[in-house]
Amino acid sequence: MPRLLKPLISIWVVAMVASCSPMAQPPASNAPAATMNAAAAPLDYTPGQNQTVALPKAVTLDLVWIAPGSFTMGSPLSEANSCDWEHPQTMVTISKGFWMGKMLVTQGQYQAVIGSNPSQFVEAGTNAPVETVSWDDAMAFCRKLTEQERAAGRLPQGYVFTLPTEAQWEYACRAGTTGPRYGNLDDIGWDNSNGEDPTHPVGQKKPNAFGLYDMIGNVWEWCSNWWSDRLPGGEVTDPIGPDSGTFRVGRGGGWIGDLANCRAAYRFWFTPTFRYHHLGFRVALAPSR
């Protein structure tokens, strides 16, 4: 990319993700890798128990069990910085438990699984979140984990590693809370006001009540859904979003974010092939969709 274009793109991305202007809104949506040799530590993936997955090169990935439950998705009109695409508030039931990555996927974990590190901020270290990954890249990582655990005979019946739906993501992020975020932003996440460096090693801020770190800030997180410009409304169970579309959903804000987009309800859209230094992901081990 020409050097002169990078500052312009950075300015555009920051402006767009911080904006709730109707002009920022996109069009409404239209409706085998080689098996890795991982350590053979037995895992039974018992519901209710956290797990540690062995990756190649003696790297591990921690999973937190998220029990089924219900929550209100989206933001009330009275919430500061609430956007049209966070409405209408929707009563969501998550009917099946799933595991969520305790941390954002790190550069070290991505390198161990994929064999390369696309991150721009390599100097942040192997424990910093991987970034500059597309939705397709993130899903390729998840598929490799699925193949590894299935080949080892450890994968729970009907479960796969994947990206969380945005309903699963918001449910896990809120962890029983109902406000804009699960704590004071400076205590729970890295945004554009409290860090000298763009990304920071994972797990340095306070976790939420489920024990998940960096759900707000540090890097944006890909979700599995196609983008829809409105939430479904009413009462729904295990929503997965539109059947097709142009954009995928991003959640959580990031180091370029602020109070406006570092909120549990804030949602944004990116093309699936988009890669940038504020975009990362975390895995879910969830029922196959």
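The structure under discussion appears in the preceding block.
Notes on the structure follow. Computed from a prediction, not measured in an experiment: that's the story for all the values here.

## Some points on helix α4 (residues 166-174)
Burial of α4 is extensive: 9 of the 9 residues sit out of reach of the surface. The set of residues buried in α4 consists of E166, A167, Q168, W169, E170, Y171, A172, C173 and R174. Phi for A175, located one or two positions after α4, is positive at around 50 degrees.

## Here's the deal with the sheet that holds strand β3 (residues 69-73)
Reading across from one edge, β3-β4-β8 is the order of the 3 strands in this open sheet, with mixed pairing throughout. For this open sheet the edge positions go to β3 and β8 (234-237), each flanked by a neighbour on one side alone. Pairs of neighbouring strands in the sheet enclose a mean axial angle of 25 degrees, with direction left out of account. Two elements, β3 and strand β4 (residues 90-94), share 5 bridges in a ladder whose sense is antiparallel. Note on β4: the bridge partner recorded for F71 is V92. Running over the sheet, α4 touches β3 and β4 and is turned about 95 degrees from β3.

## Section: the sheet that holds strand β12 (residues 284-287)
Strand order in this open sheet of 5 strands is β1-β2-β5-β12-β6, and the pairing throughout is antiparallel. What marks the edges here is a single partner per strand, and that holds for β1 (51-54) and β6 (159-162). The average undirected angle you get between the axes of adjacent strands in this sheet is 35 degrees. Where β1 lies against strand β2 (residues 60-66), 4 bridges are found, and the strand directions are antiparallel. By the bridge assignment, T52 is partnered in β2 with D62. Running over the sheet, helix α3 (residues 135-151) touches β1, β2 and β6 and is turned about 145 degrees from β6.

Conventions and cut-offs
- Residues numbered from 1 in each chain as written.
- Predicted model: local features only at pLDDT ≥ 70, side-chain atom pairs only at ≥ 80, totals over all residues.
- Heavy atoms only, no water.
- Buried < 20%, exposed > 50% of the residue type's maximum accessible area, 1.4 Å probe, protein only.
- Helix = DSSP H or I, 4+ residues; strand = E, 2+ residues; numbered from the N terminus.
- Pairing = 2+ DSSP bridges.
- Axes fitted to C-alpha atoms, helices over the stretch in contact; angles between N-to-C directions.
- Contact = heavy atoms within 4.5 Å.

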